[in-house]
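Analysis of the macromolecular model
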Amino acid sequence: LSRPGRNWAAELPGRVHVFGFSGSGFSADASPCPGVAYDHRASVALTLRAALVVVEGGLNDFDQPAAAIRSGFRRLIAELGDRDVLVVGPPPAPLRGAAVVRVDRILRSEAARSGTPYLSMLDHRFSYLPDRLHLTPAGHRSFGAVVAARIAAISRQPSAG
């Protein structure tokens, strides 16, 4: 994006802090950069004591073994502890095709296993840049609107306690 501050997270309600890192994912080897997997960066994000932690990803895990994605997801959820969390799956980027469906299936399964709310993006259509991988500014707005609607639905649910 020419204006990174206008990414999809800008559409979310309230005060939002973004801890994104290009190329990172649930699995340790989603990025060639060491130490940038989600579970490695969670402790810094948690210092802000957010009411809700939104973790979006999986697109960079497209070529990672299922076991690596699962173990990264489990480490992240353990790191997040008892905080309220929403995991948002990868967008259906045309360049990644069936690999995104596989990652979404793994993340959906792990979220169900851990009792973590999960939002699949596979049924939503977004606009992409010519690389067929990254969202356009309009795609970011649409993606953010879907996530914001899910957050609103979660906040309307009565708490279990």
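Being a predicted model, the structure only gives us computed values, none of them experimental.

By the element assignment, R150 lies in helix α4 (residues 137–156). It is 20 Å that separates the C-alpha atoms of R150 and L59, two residues lying 91 residues apart in sequence. Leaving out residues up to four positions away in the same chain, R150 has contacts with L86, P117, Y118 and L119.

Counted at 1.5 Å a residue, the expected span for helix α2 (residues 66–80) with its 15 residues is 21 Å, and the 21 Å between its end C-alpha atoms agrees. Among the residues of α2, I69, G72, F73, L76, I77 and L80 are the ones counted as buried. The buried residues of α2 all sit within an arc of 130° when viewed along its axis, so they share a single face. Relative to its buried face, α2 has exposed residues pointing more than 90 degrees away, namely A67 and A78. Along its buried surface, α2 packs onto α1 (38–46), β1 (53–56), β2 (85–88) and α3 (97–114). The positive-phi residue at the C-terminal boundary of α2 is G81, with phi of around 60°.

Taken together, three strands build an open sheet; the order of strands is β1-β2-β3 and the sheet is parallel. Each having just a single partner strand, β1 and β3 (118–119) make up the two edges of the open sheet. One ladder, built from two bridges, connects β2 with β3; its direction is parallel. Paired with V88 across the strands is L119, a residue of β3.

The rules we used
- Residues numbered from 1 in each chain as written.
- Predicted model: local features only at pLDDT ≥ 70, side-chain atom pairs only at ≥ 80, totals over all residues.
- Heavy atoms only, no water.
- Helix = DSSP H or I, 4+ residues; strand = E, 2+ residues; numbered from the N terminus.
- Contact = heavy atoms within 4.5 Å.
- Expected span 1.5 Å × (residues − 1).
- Buried < 20%, exposed > 50% of the residue type's maximum accessible area, 1.4 Å probe, protein only.
- Arc of directions from axis to C-beta.
- Pairing = 2+ DSSP bridges.

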